Amino acid sequence: MLLNRITQSVTRSIEDTIEGIGEALFDPVIRLGVTGLSRAGKTVFITSLVANMLDRGRMPQLKAVSDGRIRSTFLQPHPDHTVPRFAFEDHMAALTAPEPHWPESTRSISTLRLSLKVRPSGLLTGLGGQRTIHLDIIDYPGEWLLDLPLMSQSYEQWSAAALEAARAPSRASQAESWLARLEDCDPAAKLDERTATELAEAFTAYLAASRAAGLSSMAPGRFLMPGDMEGTPALTFAPLPKPAKPGSGSLWRTFESRFESYKRVVVEPFFRNHFAKFDRQIVLIDALGAISDGPPAVEDLRTAMAEILACFRPGQNSWLAPILGRRVDRILFAATKADHLHHTQHARLAAITEALVKDARDRANFRGAKTGALAIASLRATVEQTIERNGRQIDLVRGRLSDNGEDGALFPGNLPENPSHILSPARHGSTEWEGAAYNITRFAPPKLDLRPGEAPPHIRLDRAMEFLIGDKLA
Ligand code: GDP
């Protein structure tokens, strides 16, 4: 009797295990990479997306939602225990607090598994049954993608290019103190850890100052977004001019070896273990921020985007090509924070974004990936208002201003219908917009009075998701 019960329970637990394995093995998983440069809006995007997938009242453009085929959605522990979990609950708490504030931005990689119970569509609907589809959302800094070109460069080549870029007139003020520190040191001298740290710090400060000035293409990516590598020797190096005969143990040789470690222990594992496994990718772009910073910021953003997107179409002899086992077959370029504009300008913002990534996008299309461009707001912080001034209608946006938390209405400026009016001056080195002014002031998150079952308001998150995963839910 007892033996029988034990046998039964063993059999049942074996069945349970097999069922568990079966579920884990056979439930489809969609790996969605979410990237963009720092402050592009990744954290707010994922937070609002997850909230809107859990409570789907504001997602009618996701067809599986409007067809009523998504029966339930729920968060699950992620099976990869080596990557931190995206702090959804903390970020949501920040956005829905009595005095709401923007959540802490992405500093490293994190992930979240959202599982969906979906009824099949079309002819299969009548057959009943439902499938579980796991959506793995992986948040990571776009800066990390800027590291790919380093893989094919030697320390000497990288240093020469970085020094040349820093000596460009447009970077003079940001590079001044790093270059001055560099003048004082002898790359052929024996390594002195204090000098090494000072050089790395001065170089990082230069990258940060360039970033603050609206410039985007700043490798090595981990210098600004160190994740858990902060302060490690793999990040304690900087570009140096090559001395005639750098001896072993010299500053130059040490930095050369740290640069190689950076590639081996930081860059390569990220591409191999994470990037190579994505199915779908959304690239968030703060095009409005760059436009309001001026033409050099737009040109720099364009260059950075081209570098980022090159990762999705590595050449045949690139180091990355063989490990890109799974190909990203849909990429969405989303201009974020569209709530800074009246809706009549959203199509213009999308067109500018499309033009901004055009070269890189054409090449991705060529490789068979479906690409799209949209203007979105992950969290709508404004309402629209039209006023009349001197017989003219002016379209404004109104919200809580970030500076003082007070209500304010702003005219953000009129984006041109033709994107080349933004991109050409940027490409040809203009420093200011001619005959146009853009006033993109930060808004604070709105005070949300969400009823149970309601998620934060957004603009086109549902369209973005239809593009990214709609086919997988059919
Ligand atoms: P990350 O660095 O890419 O993770 O960027 P975040 O998601 O932290 O966003 C950076 C900042 O952009 C936020 O603190 C907000 O000020 C702003 N932001 C992001 N998304 C939106 C949005 O949908 N609407 C508005 N008005 N501001 C946004």
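Participant: What's the story with the pattern of salt bridges in this structure? I'm lost.
Facilitator: Side chains bearing opposite charge may pair, as long as their charged atoms lie close to each other. Considering all chains together, one arrives at 25 salt bridges under this definition. Where arginine 113 meets aspartate 136, a salt bridge forms, and the shortest distance between an N and an O atom there is 2.7 Å. Here aspartate 136 lies in strand β4 (residues 131–139) and arginine 113 lies in strand β3 (residues 110–118), a separation of 23 residues in the sequence. You can call arginine 113 buried: its relative accessible area is 12%. Salt bridges sharing common partners tie together Arg280, Asp329, Arg330 and Asp471.

Participant: Before we go on, may I ask you to explain the sheet that holds strand β5 (residues 280–285) in this structure?
Facilitator: Either a parallel or an antiparallel arrangement is found when strands of a sheet pair, and the pairing is made through backbone hydrogen bonds. One open sheet accounts for seven strands, arranged β2-β3-β4-β1-β5-β6-β7; its pairing is mixed. Where the open sheet ends on each side, the last strands, each with one partner, are β2 (70–76) and β7 (370–375). Within this sheet the neighbouring strands show an average axis-to-axis angle of 20°, counted without direction. Summarising the sheet, β5 and strand β6 (residues 330–335) pair through six bridges and their orientation is parallel. By the bridge assignment for β6, isoleucine 285 is matched with alanine 335. Packed on one face of the sheet, helix α12 (residues 346–356) meets β5, β6 and β7 and runs near 140° to β7. Those strands touched by helix α15 (residues 461–469) are β1 (29–36), β4, β5, β6 and β7, and its axis lies near 165° from that of β6.

Participant: What exactly am I supposed to notice about the site of the ligand here?
Facilitator: Taken together, 19 residues lie near the ligand, and Arg39, Lys42, Thr43, Val44 and Ser105 sit nearest. Between an oxygen atom of the ligand and a side-chain N or O atom of threonine 43, the distance comes to 2.6 Å. At a separation of 3.0 Å, an oxygen atom of the ligand approaches a polar backbone atom of serine 378. With respect to the detected pockets, the ligand is housed in the largest pocket. Counted by class, the shell around the ligand contains seven nonpolar, seven polar and five charged residues.

Participant: Looking at this structure, how should I read the packing of helix α5 (residues 155–166) against helix α9 (residues 251–273)?
Facilitator: Helix-helix packing: each pair is described by the crossing angle between the helix axes and the interaxial distance. Direction vectors running N to C along α5 and α9 enclose 100°, while the axes themselves pass 9 Å from each other. One finds that α5 runs roughly perpendicular with respect to α9. On α9, the residues touching Tyr155, Glu156 and Trp158 of α5 are Trp252, Phe255, Glu256, Phe259 and Glu260. Counted by class, the contact of α5 with α9 contains five nonpolar, no polar and three charged residues.

Cut-offs applied
- Residues numbered from 1 in each chain as written.
- Predicted model: local features only at pLDDT ≥ 70, side-chain atom pairs only at ≥ 80, totals over all residues.
- Heavy atoms only, no water.
- Salt bridge = Lys/Arg side-chain N within 4 Å of Asp/Glu carboxyl O.
- Helix = DSSP H or I, 4+ residues; strand = E, 2+ residues; numbered from the N terminus.
- Buried < 20%, exposed > 50% of the residue type's maximum accessible area, 1.4 Å probe, protein only.
- Pairing = 2+ DSSP bridges.
- Axes fitted to C-alpha atoms, helices over the stretch in contact; angles between N-to-C directions.
- Contact = heavy atoms within 4.5 Å.
- Near = heavy atom within 4 Å.
- Polar contact = N/O pair within 3.5 Å; in protein donor to acceptor, adjacent residues only side chain to side chain.
- 1 Å grid on protein atoms, 1.4 Å probe; cavity = no way out; pocket = protein on both sides within 12 Å on 5 of 7 lines; lining within 4 Å.
- Sits in = over half its atoms within 2 Å of the grid points.
- Nonpolar A, V, L, I, M, F, W, Y, C, P; charged D, E, K, R; others polar.
- Parallel < 35°, antiparallel > 145°, perpendicular 65-115°, else oblique.

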